Amino acid sequence: MPFADRKHRRTQRSAPLLPKDHGGGEFDGASFSGAVFNLSTTIVGAGIMALPETLKQLGAIPGLMAIILAGMLTYKSIEMIIRFSRAAKTGSYSGLAGDAFSGAGRNLLQFCIVLNNLGMLVVYMIIIEITSFIWFFWHGEIAKLDHMLPGSGDVLSETWSQGVHHTGVMEEWFGLHWWTTRCSILLLTTIFVFAPLISFKRIDSLRYTSALSVALAVVFVVIIAGVAVIKLIVGSIGMPQLLPDLVDQAAFWKLFTTVPVLVTAYICHHNIHPIENELKDPSQMKSIVQTSITLCTSAYVATSFFGFLLFGNQTMDDVLANFDGDLGIPFSSLLNDIVRVSYAIHLMLVFPIIFFSLRLNIDGILFPHAIPIAYDNRRFFSVTLCLVAFIFMGANSIPSIWDAFQFTGATATVSVGFIFPAAIALRDTHGIATKNDRVVSWIMILLAVSSSTVAICSDIYSAVKDSWVKTPELYL
């Protein structure tokens, strides 16, 4: 093996999954603005669409407070990761976990990142395909997407007779053709959008698409805020519910199912080191994190408040689904199309950012002692192809956006965002943890474990209850 490659051979403890200098031409380091755009794009994914639903569950005041608190805890967890990584002289999150908990901790963290990112990317594909193609509604709920799986023509016909048919943008514009079907749109998107963007070996190469992604998210926030303000001025909407409506014990336990969605909305820990490793001035990373979280929290608060104000108790699990009817203002149809198209493009541009760390960590699990994947083109493209194929198939298997977020958020995401940073601080192998670090770490662990346990139990209870309602003969 040439010495130039051998010197980059990855160690279990401290080597970054992707070195700052990995060839491919001159690179002087990433800029502050490019890093902010990449980190903000990592944060603002599809989670923003589920946040108005959290206000519906929690009420406006507790919901907004929870969003801000989640942002503060996320910043603290990332700050601890950065500080402890420098003490451990490691350039990766998994390397930091390995420093604190040896190889088992490293592998467990990588598995959680892979599970989290896979779940998120599957959800992104689901949203993109239903945005482009078609929605079905039944009794005000998003119909199960398994009615739309390929080859389910009979079930699709039954859904037409039972529910209300809502066309997607492509069908509205061009009619129903083979190239406007779900699979065709998703396949074309994968080939002509995802494939070129996930082929970059340096995350800074995505800074321009990330800037566009952030801009499109801002467009969504501006539209939803503008529509809500206009309708509030004309008096067509009232004040939102300020506190949760606890009608029974089940309603109380359901409040905890919002916590995984909040955590999912802020997850970005897996891209902290890849972004920092490419910075021209790594000492700027703390300011980059502050700027990104402040920007994203502002967008989350505005979207949640104005979305809940606009749709009230009719707010759906995925607020994007609310933009499929008359908004009660002029140019309603045009605004609906702008929102759906802009957000679909936004998610297409978020996809490669999340995929970047997914590929690095799955490669770290499968080839822990190999040279960085950026140096091995065969391994790079093989892993990329397999992951894209897996995500594509998974997008046709997950029935509900809300369920997918609850599952990944209640397990892997909570571990990546809260449990691992807190455990690393409490382990404190280099003796740098402060009293505040320990207090905040215990708060994060208790909050993560308790809320996740309740959320998982609530999900199981809801699934059993729904199954009993649909097929009571199975339980008699």
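Note that this is a predicted model, so its numbers are computed, not measured. Position numbers for residues count from 1 along each chain, tracking the sequence in the order it is written. Per-residue local features are limited, in this predicted model, to residues with pLDDT of at least 70; the limit for side-chain atom pairs, both in listing and counting, is 80 or more; totals at the level of whole chains, interfaces and linings are taken over all residues. Hydrogens are left out, water is left out, and the side-chain values use all remaining heavy atoms of the structure.

1. Focus: the overall build of the protein
Phase 1: Where helices and strands are cited, they refer to DSSP runs of H or I of at least four residues and of E of at least two residues respectively, numbered from the N terminus. When its secondary structure is counted, the protein shows 17 helices and three strands.
Phase 2: For the protein, the residues scored as buried account for 54% of the 476 residues in total.
Phase 3: When checking whether two residues touch, look at their non-hydrogen atoms; a contact exists if any pair is within 4.5 Å. Contacts in the protein between residues at least 24 apart in sequence constitute 84% of all its contacts with a sequence separation of at least 6.
Phase 4: If you sum the accessible surface of the protein, you get close to 20200 Å²; carbon and sulfur atoms cover 68% of it. Buried residues are those whose accessible area, probed at 1.4 Å on protein chains only, stays under 20% of the maximum for their type, while exposed residues exceed 50% and partly exposed ones sit between those limits. All accessible areas in this document rest on Shrake-Rupley with a 1.4 Å probe, and a residue is counted as covered only by the protein chains that are shown.

2. Examining the packing of aromatic side chains
Phase 1: Geometry of aromatic contacts follows a simple scheme: Phe, Tyr and Trp rings, the Trp one being its six-membered ring, pair when their centres are within 6.5 Å, and the pair is stacked under 30 degrees between planes, edge-to-face over 60, tilted otherwise. As enumerated under the stated definition, the model contains eight aromatic pairs in all.
Phase 2: Ring geometry for Phe-305 against Phe-306: centres 5.3 Å apart, planes inclined by 75°, an arrangement best described as edge-to-face.
Phase 3: Residue class for Phe-305 comes out partly exposed when judged on its relative accessible area of 29%.
Phase 4: Ring geometry for Phe-311 against Phe-323: centres 5.4 Å apart, planes inclined by 85°, an arrangement best described as edge-to-face.

3. Here we look at helix α13 (residues 285-311)
Phase 1: A helix is expected to reach a length of 1.5 Å times the quantity of its residues less one. Helix length check: α13 (27 residues) gives 38 Å between terminal C-alpha atoms against 39 Å at 1.5 Å per residue, within 8%.
Phase 2: In the segment just after α13, Gly-312 is the residue with positive phi, at about 60°.

4. Some thoughts on unusual backbone geometry
Phase 1: The phi torsion at Ser-102 lies on the positive side, around 65°, for a residue other than glycine.
Phase 2: Position of Ser-102 relative to the elements: it lies in helix α5 (residues 93-132).
Phase 3: Here Asp-428, not a glycine, exhibits a phi torsion of approximately 50°, which is positive.
Phase 4: Its place among the elements puts Asp-428 in the loop between α16 (401-427) and α17 (435-470).

5. Here's the deal with the packing of helix α2 (residues 32-43) against helix α9 (residues 207-234)
Phase 1: α9 packs onto α2 with a crossing angle of 60° between their chain directions and a minimal axis gap of 8 Å. Classified by the interaxial angle, the pair formed by α2 and α9 is oblique. Between α2 and α9 the crossing geometry is left-handed. Contacts from Gly-34, Phe-37, Asn-38, Ser-40 and Thr-41 of α2 reach α9 at Arg-207, Ser-210, Ala-211, Ser-213 and Val-214. Note on method: axes are straight lines fitted to C-alpha atoms, helices fitted across the in-contact stretch only, with angles between N-to-C directions ranging 0 to 180 degrees. Working definition: roughly parallel below 35 degrees, roughly antiparallel above 145 degrees, roughly perpendicular at 65 to 115 degrees, and oblique for all remaining angles. Crossing handedness: left-handed means the near helix sits turned counterclockwise from the far one by under a right angle, and right-handed means the same turn made clockwise.

6. Thoughts on the pattern of salt bridges
Side chains that differ in charge, positive against negative, can pair when their charged atoms come close.
Phase 1: Every case where a carboxyl oxygen of Asp or Glu lies within 4 Å of a side-chain nitrogen of Lys or Arg is listed as a salt bridge. Per the stated rule, a full pass over the model turns up ten salt bridges.
Phase 2: Among the ionic pairs, Arg-340 bridges to Asp-337, the shortest N-O distance being 3.2 Å. With Arg-340 and Asp-337 both in helix α14 (residues 332-366) and three residues apart, this pair spans about one turn of that helix. Each member of the pair, Arg-340 as well as Asp-337, carries the same accessibility label: buried.
Phase 3: One network of salt bridges, in which partners are shared, links Lys-76, Glu-79, Arg-83 and Asp-437.

7. Remarks on the packing of α9 against α13
Phase 1: Contact pair α9 / α13: the axes reach a minimum separation of 9 Å and the direction vectors enclose 35°. At the point where α9 passes α13, the crossing takes the left-handed sense. Contacts between α9 and α13 pair Val-214, Phe-220, Val-221, Ile-224, Ala-225, Val-227, Ala-228, Val-229, Lys-231 and Leu-232 from the former with Leu-295, Ala-299, Ala-302, Thr-303, Phe-306, Gly-307, Leu-309 and Leu-310 from the latter.
Phase 2: When grouped by side-chain class, the residues that make up the contact of α9 with α13 number 15 nonpolar, two polar and one charged. Residues are sorted three ways: Asp, Glu, Lys and Arg are charged, Ala, Val, Leu, Ile, Met, Phe, Trp, Tyr, Cys and Pro are nonpolar, and all the rest, Gly among them, are polar.

8. Some words on the confidence of the model for the protein
Phase 1: When pLDDT is averaged across the protein, the result is 79; 76% of the residues are at 70 or more.
Phase 2: Per-residue confidence from the predictor is given as pLDDT, running between 0 and 100. Confidence drops under a pLDDT of 50 for residues 11-16, and excluding neighbours within four residues, the segment shows 18 contacts in the predicted structure.
Phase 3: Contacts from residues 133-167, a stretch scored under 50 in pLDDT, to residues over four places away or in other chains number 72 contacts.

9. So, the nonpolar core
Phase 1: The criterion is simple. A nonpolar core is a set of buried Ala, Val, Leu, Ile, Met, Phe, Trp, Tyr and Cys residues joined through side-chain atoms within 4.5 Å. Ranked by internal contacts, the top residues of the largest apolar core, which has 118 residues, are Leu-39, Met-285, Tyr-300, Phe-355 and Ile-391.
Phase 2: Of all the elements, α5 adds the most residues to this core, at 18 residues.
Phase 3: Every residue in contact with Leu-39, bar those within four places of it in the chain, is listed here: Cys-268, Ile-272, Ile-275, Met-285, Ile-288, Val-289 and Ser-292.

10. Topic: a nonpolar patch on the surface
Phase 1: Each patch is built from salt-bridge-free residues with over 30% relative accessible area, joining like charges within 9 Å and nonpolar side chains (Val, Leu, Ile, Met, Phe, Trp, Tyr) within 5 Å. Among the surface-exposed residues, Ile-61, Met-65, Met-239, Leu-242 and Leu-243 lie close enough to one another that they form a single nonpolar patch of about 550 Å² accessible area.
Phase 2: Summarising the element assignment, Leu-243 is placed in the loop between α9 and α10 (249-254).
Phase 3: Taking the relative accessible area as the measure of exposure, Leu-243 reaches 54% and is therefore exposed.

11. Describing the environment of Leu-115
Phase 1: Within the secondary structure, Leu-115 is located in helix α5.
Phase 2: For the pair Leu-115 and Ala-412, spaced 297 residues apart in sequence, the C-alpha to C-alpha distance is 6.2 Å.

12. Let's talk about the side chain of Ser-77
Phase 1: With respect to the helices and strands, Ser-77 occurs in helix α4 (residues 60-88).
Phase 2: Given a relative accessible area of 0%, Ser-77 falls into the buried group.
Phase 3: Engagement of the side chain of Ser-77 in a polar contact is seen with the backbone oxygen of Thr-74, the distance being 2.7 Å.
Phase 4: Residues contacting Ser-77, with those up to four places away along its chain left out, are His-269, Gly-417, Pro-421 and Met-444. The term polar contact refers here to a pair of N or O atoms within 3.5 Å; inside protein, the definition further demands a hydrogen-donor-capable atom paired with an acceptor-capable atom, and it admits residues adjacent in sequence only when both atoms are side-chain atoms.

13. Focus on helix α15 (residues 377-394)
Phase 1: Helix length check: α15 (18 residues) gives 26 Å between terminal C-alpha atoms against 26 Å at 1.5 Å per residue, within 8%.
Phase 2: Taken together, the buried positions of α15 are Arg-379, Phe-380, Val-383, Thr-384, Leu-387, Val-388, Ile-391 and Gly-394. Taken down its axis, α15 places every buried residue within 155° of arc, on the same side. Exposed positions of α15 whose direction lies more than 90 degrees from the buried face are Arg-378, Leu-385, Cys-386 and Met-393.
Phase 3: The N-capping residue of α15, defined by a side-chain oxygen 3.3 Å from the backbone nitrogen of Arg-378, is Asp-376. In this context, the arc is that of the directions from the helix axis out to the C-beta atoms.

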